[in-house]
Amino acid sequence: MKNYENRFRIWESAALIALCIALCAGTWAQARQNAISSDLVRLHVIAVSDDEQEQEIKLRVRDAVLDYLEPVLKDAENSREAKKIISDHLNGIAGAAAMASEGRAVKVSLDREHYPTKSYEGFSLPAGNYESLKIVLGEGKGHNWWCIVFPPLCLEAAQAQQVKSVMAKEDYAIVSDSDGYELRFKLVELWGELVDKLGN
């Protein structure tokens, strides 16, 4: 009986230690994901459908929105300023999108939204919730398109240096290709996916 009790206590202690480690890892991953996402503003454009013409219009809307945002965001020094500017210009953004949408209904919002892991040139962003300028065309049932609107990385060649300039050193090391940070990136990525699944 004593041997059974001793074995049970060992397993109980191991389970408690594992739980503590998991909670600490989760807390760290949530803090890192929040820090990474707070430095960026993403752009998300969703097409009416997957019809070829609708996908082309989605890209025209994207270009019109980026053309509108380029001059108004040029003086933003951080994501807080960028969010404020975008929020103040939602009507103008909606107008630019509507002009390019060829009569499709346009819905524009600025809110937090879940994104999957996305790789760019020189860095990757872990899955998680990010501040997002979201543009939905019509019923929004088509493939979407996304990028980073602050710092401005919606061009073909996303420059890692621009992300580095707005992120804390540790956070940039996690999202970049820095040696030794792959496990940390994976932990943040898995945590973001878990939070999204639990939220749904």
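Remember, it's a predicted structure, so these values are computed and weren't measured experimentally.

Scoring rules and cut-offs
- Residues numbered from 1 in each chain as written.
- Predicted model: local features only at pLDDT ≥ 70, side-chain atom pairs only at ≥ 80, totals over all residues.
- Heavy atoms only, no water.
- Axes fitted to C-alpha atoms, helices over the stretch in contact; angles between N-to-C directions.
- Helix = DSSP H or I, 4+ residues; strand = E, 2+ residues; numbered from the N terminus.
- Left-handed = near helix turned anticlockwise from the far one by under 90°.
- Contact = heavy atoms within 4.5 Å.
- Nonpolar A, V, L, I, M, F, W, Y, C, P; charged D, E, K, R; others polar.
- Polar contact = N/O pair within 3.5 Å; in protein donor to acceptor, adjacent residues only side chain to side chain.
- Buried < 20%, exposed > 50% of the residue type's maximum accessible area, 1.4 Å probe, protein only.
- Pairing = 2+ DSSP bridges.
- pLDDT = per-residue confidence, 0-100.
- Core = buried A, V, L, I, M, F, W, Y, C linked by side-chain atoms within 4.5 Å.

## Some details on the packing of helix H2 (residues 52-73) against helix H4 (residues 90-100)
And step 1. Where H2 meets H4, the axes come as close as 8 Å, and the angle between the chain directions of the two elements is 145°. As H2 packs across H4, the resulting crossing turns out to be right-handed. Listed contacts from H4 to Ile57, Arg60, Val61, Ala64, Val65, Tyr68 and Leu69 of H2 are Gly92, Ile93, Ala96, Ala97 and Ala100.
And step 2. Of the residues assigned to the contact of H2 with H4, the class counts are 10 nonpolar, 1 polar and 1 charged.

## Here's the deal with the side chain of Glu113
And step 1. Along the chain, Glu113 falls in strand E2 (residues 106-115).
And step 2. A polar side-chain atom of Glu113 sits 2.6 Å from a polar atom in the side chain of Ser132.
And step 3. Contacts of Glu113, omitting those with residues within four sequence positions, involve His44, Gly128, Asn129, Tyr130, Ser132 and Lys134.

## Considering the pairing of strand E5 (residues 128-137)
Put simply, side chains in a regular strand alternate between the two faces of the sheet.
And step 1. Most of E5 is tucked away: 8 of the 10 residues are buried.
And step 2. When strand E1 (residues 41-46) meets E5, the two strands line up parallel, connected through 6 bridges. Among the inter-strand pairings, Leu43 is bridged to a residue of E5, identified as Leu133.
And step 3. Here E2 pairs with E5 via 10 bridges, running antiparallel. Directly across from Ser109, in E5, lies its bridge partner Lys134.

## So, the confidence of the model for the chain
And step 1. In this model, the chain carries an average pLDDT of 75, and 56% of its residues clear a pLDDT of 70 or more.
And step 2. Within the chain, the lowest mean pLDDT, 56, falls on helix H7 (residues 182-199), and the highest, 96, falls on H4.

## Some thoughts on the nonpolar core
And step 1. Counting residues in each nonpolar core, the largest one holds 26 residues, and the members touching the most others are Leu43, Val61, Val65 and Ile135.
And step 2. Sorting the residues of this core by element identifies E1, H2, helix H3 (79-88), H4, E5 and strand E6 (144-150) as the ones contributing at least two each.
And step 3. Setting aside residues up to four positions removed in sequence, Val61 forms contacts with Val45, Ala97, Ala100, Ser101, Ile135 and Leu137.
And step 4. Listed in part, the 6 residues of the second largest apolar core include Leu40, Phe123, Leu125 and Tyr130.

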